[in-house]
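Commentary on secondary and tertiary structure
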Amino acid sequence: MTLLQVRNLEVTYPGGVAAVRGVDLRLAAGQKLGVAGESGCGKSTLALALLRLLPAGTRVGGEVLLDGEDVLTMRWGQVRAVRWAGASIVFQGAMHSLNPVHRVGDQIAEPILLHRKATPAVAKKQAGELLERVGLPAARATAYPHELSGGQRQRVMIAMALACAPRLIIADEPTTALDVMIQAQILRLIEQLVAEQDLGLIMISHDLAVLADTCDRLAVMYAGRVVEEGPARTVYEDALHPYAKALSAAFPRIGDPASRFAPRGLPGDPPDPAALPSGCAFHPRCPVALDVCAVDDQELREAGAGRRAACVRVQATVPGPAATAEDARSGT
Ligand SMILES: Nc1ncnc2c1ncn2[C@@H]1O[C@H](COP(=O)(O)OP(=O)(O)OP(=O)(O)O)[C@@H](O)[C@H]1O
Ligand SMILES: [Mg+2]
C-alpha cells in the first residue's frame, strides 16, 4: 500500500533559489527509501517540504500525498496532526537541539502529554519504555542532555520521533555527527525499529554506502532533481546516471566523513540553485557529457527493472524506439 506519494514537487526559496525541481517519489508502508546527494542538492528541503516546515515566503508546488491526502493543501489543524501521528522528522544535527535545561524523559513525554492526551504518569511511563526501545535504561529519563554522549542523545531524538507512533519517519543525516562505530549502532537501531513496526522510512544522507546498506530503494538527487532511483544495492553497485556513478565511487566504505564535501573522483561543486546551468544541470561536471546535454534537460524515465534515470545516455540503453547517443548528438 502506498504510504507516501510525492508528485512533481517544486520548492523555490525567496530570491529564486530553485532548491527542489519536479521530484516524484513513492514509498510503500514498511519501505525504506534513501535520499543521497552532495551538500546543497536539496535533500533537507525535500524533507521539510513533506511536512510543510519550510520558511514563509517559500513557493511550493506539486503534491505530497500521505495516505492519499495532500499535505500541501490540507488545513493547518490537519497538518499538525500529521506531524505528530503521521510522520516524524529526526532533523539534521537535531541531537544538539535538545533543550539543555530539561530532563530528557520530560522532553520525550511532552508530545505524549500534548498530542496523545495522556496523564503525566502514563506519559512518564511511556517515555521510559521508549528509552528502553532505543537501547537506553529507563532510568536515564532523569538525565540532562549534557550528561549523555552524542550517540545517546541521538537515541533520545529517535525516541522523541517515535513518541506519537508515526507511520513514517524522516531521518535527515541521523548519524553524520557520530563516529563510525556509534553510527553503525544507530543505523541498526533505526532499521530494527522500522522493521518491528512496519514504519516507512526516508533516510537522507550524502553517504551512498550508508544508504545502500540500510535502505530498500535509493534516490540520488542533484541540483534539486532526482537523477536516479531504483533498488538500493543496484544503484550503489551499478549506477546508470554518471552523477550517481561518481557518488558511489566516492563512498567506497560506510561513514567516511572526509568524503562529505569533496567526494573523490568528482571534481567541482554542485551548481548554485539560483543560477542553474542550461540543459542537464550536471553537464558541466559530467565526464561523459554530449553536446546535447548543454541544451536539453533530461526527465527521469524508466530504465528497466524498477529503475529510473535522467540521462540521455541511459535512454540509449533502454529497449524500444529510444535514440542512440549518436542520434541524440545530432539532434535526430
Ligand atoms: N531558507 C533558505 N533560503 C534560501 N535558500 C536556502 C534555504 N535553505 C536552503 N537553501 C538553499 O537551497 C539549496 C538546498 O539546500 P538543502 O539544505 O536542501 O541541501 P541539502 O542537500 O540538505 O545539503 P546538506 O547535505 O548540506 O544538508 C542550497 O543551495 C541552500 O543554500
Ligand atoms: Mg541537509
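For the structure itself, look to the data block above.
Small disclaimer: the values here were computed from a predicted structure and weren't measured.

1. Digging into the nonpolar core
Counting residues in each nonpolar core, the largest one holds 96 residues, and the members touching the most others are Leu4, Leu9, Val23, Leu46, Leu168, Ile202 and Tyr243. Contact partners of isoleucine 202, with chain neighbours within four places excluded, come to Leu4, Leu27, Leu33, Val35, Leu50, Leu168, Ile169, Ile170 and Ala171.

2. Quick word on the sheet that holds strand β9 (residues 217-222)
Backbone-to-backbone hydrogen bonds join strands into a sheet, with any given pair of strands oriented parallel or antiparallel. Here 8 strands make up an open sheet; going across it, the order is β6-β7-β8-β3-β9-β10-β12-β11 and the pairing mixed. Looking at which strands have only one partner, the edges of the open sheet turn out to be β6 (87-90) and β11 (301-302). Note that strand β7 (residues 168-172) and strand β8 (residues 200-204) share 5 bridges and pair parallel. Among the inter-strand pairings, leucine 168 is bridged to a residue of β8, identified as glycine 200. Sitting on the sheet, helix α2 (residues 76-86) is in contact with β6 and β7, with an inclination near 70 degrees to β6.

3. Here's the deal with the pairing of β6
Alternating residues of β6 divide into Ala87 and Ile89 and Ser88 and Val90, and every residue in both groups is buried. Sheet topology places β6 next to β7; 4 bridges connect them, and they run parallel. Paired with valine 90 across the two strands is alanine 171, which belongs to β7.

4. Focus on the sheet that holds strand β5 (residues 69-70)
Here we have 4 strands laid out as an open sheet, ordered β2-β1-β4-β5, and antiparallel in their pairing. Two strands lie at the open edges of the sheet, namely β2 (17-28) and β5, each paired on one side alone. Relative to strand β4 (residues 59-66), strand β1 (residues 2-13) runs antiparallel, the two being bridged by 7 bridges. In the strand pairing of β4, leucine 4 is matched with leucine 66. Helix α1 (residues 43-50) rests against β1, β2 and β4 of the sheet, and its axis sits at about 115 degrees to β1.

5. Observations regarding the packing of aromatic side chains
Using the criterion set out here, one finds 3 aromatic pairs in the structure. Relative to tyrosine 243, the ring of tyrosine 222 lies with its centre 4.4 Å away and its plane at 55 degrees, an arrangement referred to as tilted. Within this pair, whereas tyrosine 222 is found in strand β9, its partner tyrosine 243 is found in helix α9 (residues 242-250), the two being separated by 21 residues in sequence. Taken as a pair, tyrosine 222 and tyrosine 243 share a single burial class, namely buried. Relative to phenylalanine 282, the ring of tyrosine 222 lies with its centre 5.0 Å away and its plane at 80 degrees, an arrangement referred to as edge-to-face. Of the two residues, tyrosine 222 is situated in strand β9 and phenylalanine 282 in the loop between α9 and β11; the sequence distance between them amounts to 60 residues. In this structure, arginine 52 packs its charged tip against the face of tryptophan 76, placed 4.3 Å from the ring centre.

6. Let's talk about the pattern of salt bridges
Oppositely charged side chains can pair when the atoms bearing their charge come close. Evaluated as defined, the whole model comprises 14 salt bridges. Measuring nitrogen to oxygen at the nearest pair gives 2.9 Å for the salt bridge that ties arginine 285 to glutamate 38. Taken as a pair, arginine 285 in the loop between α9 and β11 and glutamate 38 in the loop between β3 (32-36) and α1 lie far apart in primary sequence, 247 residues in all. The two residues arginine 285 and glutamate 38 agree in class, both being buried. For arginine 217, the salt bridge identified is with glutamate 229, shortest N-O distance 2.9 Å. Pair noted here: arginine 217 is in strand β9 and glutamate 229 is in strand β10 (residues 225-231), with a separation of 12 residues, a long-range link. The class for arginine 217 is buried, based on a relative accessible area of 19%. Beyond isolated ion pairs, a larger network of salt bridges with shared partners links Lys32, Arg188, Glu191, Asp213, Arg233 and Glu237.

Scoring rules and cut-offs
Residues numbered from 1 in each chain as written. Chains lettered and ligands numbered in written order. Predicted model: local features only at pLDDT ≥ 70, side-chain atom pairs only at ≥ 80, totals over all residues. Heavy atoms only, no water. Core = buried A, V, L, I, M, F, W, Y, C linked by side-chain atoms within 4.5 Å. Buried < 20%, exposed > 50% of the residue type's maximum accessible area, 1.4 Å probe, protein only. Contact = heavy atoms within 4.5 Å. Pairing = 2+ DSSP bridges. Helix = DSSP H or I, 4+ residues; strand = E, 2+ residues; numbered from the N terminus. Axes fitted to C-alpha atoms, helices over the stretch in contact; angles between N-to-C directions. Phe/Tyr/Trp six-rings, centres within 6.5 Å; stacked < 30°, edge-to-face > 60°. Lys NZ or Arg CZ within 6 Å of the ring centre and 35° of its normal. Salt bridge = Lys/Arg side-chain N within 4 Å of Asp/Glu carboxyl O.

Nothing here speaks to function; it is all geometry.
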